[in-house]
Amino acid sequence: MKAPAEYPLAALPGQRSGYASQPFSPPANFDSLALWYQWLEYLSFGPMLSRARLHFLGRLTSAKNVLVLGDGDGRFLQQLLRANHEAKARVVDSSSEMLRVLRSRIAAVPQAGQRTTIMCCDALESFSPGALCHQPPFDRILQETVPASGADKFDLVVTHFFLDCLSNADLGILLDRILPHLEPDALWVLSEFAIPEAGPGFGKLKPMAGRLLVFGLYRAFGALTGLRTRSLPDYAAAFRARGFRQAEGAARLGGLLVSEIWANGETQAMGQAQGVAGV
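Figured I'd write up the structure that's included with this text. (Residues numbered from 1 in each chain as written. Predicted model: local features only at pLDDT ≥ 70, side-chain atom pairs only at ≥ 80, totals over all residues. Heavy atoms only, no water.)

### Digging into a nonpolar patch on the surface
A grouping of L35, W36, W39, L40, Y42 and L43 is seen on the molecular surface, where their side chains present a nonpolar patch of about 750 Å² in accessible area. The exposure class of W36 is exposed, given its relative accessible area of 55%. (Patch = residues over 30% accessible without salt bridge, like charges linked within 9 Å, V, L, I, M, F, W, Y side chains within 5 Å. Areas by Shrake-Rupley, 256 points an atom, 1.4 Å probe, with all protein chains shown as cover. Salt bridge = Lys/Arg side-chain N within 4 Å of Asp/Glu carboxyl O. Buried < 20%, exposed > 50% of the residue type's maximum accessible area, 1.4 Å probe, protein only.)

Pasting the structure below:
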């Protein structure tokens, strides 16, 4: 194992580490929202986003090695560690303030400190699935190489309201980076905003209303955090292009919120796709 080496928070302007020819936008800065994020969420959508995150929690009790990207203030991770006493989690977020809240939130969970690796870095800039990067004092990144053995591969990836911060190009980079580090039967659990499908009668207005709401959310987060993304990525196409299939799905608020399980093409664990359940 190599000795830890210091890395800056960002690569050279206009470059991503390991992808020097690929332009990128700086990550959004959620630090100023960390203490208020939960209350802003409840004021906007009540408990619906929380319910979307936890919809498949009961299916994740056998996961052993979990990669959690962008969990923010840690409400999902806290529940996962409580429901699954064997899981070890690697948590990646670019906001040091969000991670402070997360670390405080999971402190009450037995042995959470021994089962959780907190990594403060941009998932597209400094993070590599085969390495550890973390900031104990939250002022620098320390990275060390980890042997790439089967034991280090993830059997579960979790992204709740994270992929919508990425462009289609960035999403492709992220998937291609993570895919070699997944077990053959790995699952990817996500929650996201979506544009609802049109229905009969006034339901024909649902797509327009959804687009207006999503547009407003992107504008608001752009102003508050510097988020550059302005449209939802086509994550379903990106997953299918890489051999994943949707195993299960649930929709809320008329299709504006979705919770889904995507499975590797090789996995037999989830059986055939079981359709989409409306909630």
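Still to come is the rest of the account.
### Digging into helix α4 (residues 96-106)
For α4, the complete set of buried residues consists of S96, M98, L99, V101, L102 and I106. Along its buried surface, α4 packs onto α1 (37-45), α3 (75-83), β3 (88-93), α5 (112-115) and β4 (116-120). (Helix = DSSP H or I, 4+ residues; strand = E, 2+ residues; numbered from the N terminus. Contact = heavy atoms within 4.5 Å.)

### Description of the pattern of salt bridges
Summed over all chains, the structure comprises 7 salt bridges. Among the salt bridges present, the one from D73 reaches R75, with a minimum N-O distance of 3.1 Å. Each member of the pair, D73 as well as R75, carries the same accessibility label: buried. Members of the salt-bridge network, linked through shared partners, are E41, R53, D73, R75 and R105.

### A short note on the packing of α3 against α4
The interhelical angle for the contact between α3 and α4, taken along N-to-C directions, is 25°, at an axis separation of 9 Å. With respect to α4, the axis of α3 lies roughly parallel. Crossing angle aside, the handedness with which α3 passes α4 is right-handed. Within the contact between the two elements, α3 uses R75, L77, Q78 and L81 and α4 uses L102, R105 and I106. For the contact of α3 with α4, the per-class residue count stands at 4 nonpolar, 1 polar and 2 charged. (Axes fitted to C-alpha atoms, helices over the stretch in contact; angles between N-to-C directions. Parallel < 35°, antiparallel > 145°, perpendicular 65-115°, else oblique. Left-handed = near helix turned anticlockwise from the far one by under 90°. Nonpolar A, V, L, I, M, F, W, Y, C, P; charged D, E, K, R; others polar.)

### Here we look at the nonpolar core
Side chains of nonpolar character tend, in soluble globular proteins, to be buried together. Counting 31 residues, the largest nonpolar core has L69, L163, L174, W188, Y235 and F239 as its most contacted members. Only β2 (65-69), β7 (154-160), α6 (168-178), β8 (182-193), α8 (235-241) and β10 (257-263) provide two or more residues apiece to this core. Of all the elements, α6 adds the most residues to this core, at 5 residues. If we skip the residues at most four places from it in the chain, F239 touches L163, L175, W188, L190, F244 and W262. Counting residues in each nonpolar core, the second largest holds 27 residues, with A63, V68, I118 and L156 among its members. (Core = buried A, V, L, I, M, F, W, Y, C linked by side-chain atoms within 4.5 Å.)

### Let's talk about the pairing of β3
The element β3 is largely enclosed, with a buried count of 5 among its 6 residues. Pairing between β2 and β3: 5 bridges, direction parallel. Each residue of the ladder has a partner; that of L67, found in β3, is R90. With α3 bridging β2 and the parallel β3, this β-α-β connection has right-handed handedness. Bridging between β3 and β4 involves 5 bridges; their strand directions are parallel. (Pairing = 2+ DSSP bridges. Right-handed = clockwise from strand over helix to strand, strands pointing away.)

### Notes on the side chain of R53
Along the polypeptide, R53 turns up in helix α2 (residues 48-54). Looking at R53, its side chain comes within polar contact range of the side chain of E41, at 2.6 Å. For R53, the contacting residues outside a window of four places in its chain are Y37, E41, R75, F76, H160, F161 and S191. (Polar contact = N/O pair within 3.5 Å; in protein donor to acceptor, adjacent residues only side chain to side chain.)

### Observations concerning the environment of L77
Relative to the elements of secondary structure, L77 occurs in helix α3. Separated by 39 residues in the primary sequence, L77 and T116 place their C-alpha atoms 9.5 Å from one another. Those residues in contact with L77 that sit more than four places away from it in its chain are V68, D71, A89, V91, L102, I106 and T116.

### Overview of the pairing of strand β9 (residues 245-252)
With 7 of 8 residues buried, β9 is to be regarded as a mostly interior element. Judged from the 7 bridges that link them, β9 and β10 form a sheet pairing that is antiparallel. Considered in β10, the bridge of E248 is made with I261. Linkage of β9 to β10, two consecutive antiparallel strands, is achieved through a turn of 4 residues, within which L253 is found at a positive phi near 50°.

### A word on the packing of aromatic side chains
Considering all chains together, one arrives at 7 aromatic pairs under this definition. Ring geometry for F161 and F193: centres 5.4 Å apart, planes at 55°, overall tilted. Taken together, the positions of F161 in the loop between β7 and α6 and F193 in strand β8 put the pair 32 residues apart, joining distant regions of the chain. The same class applies to F161 and to F193, which are both buried. Here W188 and F244 contribute two aromatic rings whose centre-to-centre distance is 6.2 Å and whose plane-to-plane angle is 90°, an arrangement assigned as edge-to-face. Here W188, found in strand β8, pairs with F244, found in the loop between α8 and β9; they are 56 residues apart in sequence, far enough to count as distant. F244 shares its class with W188; the two are buried. Among the aromatic residues, those joined into a ring-pair cluster are W188, Y235, F239, F244 and W262. (Phe/Tyr/Trp six-rings, centres within 6.5 Å; stacked < 30°, edge-to-face > 60°.)

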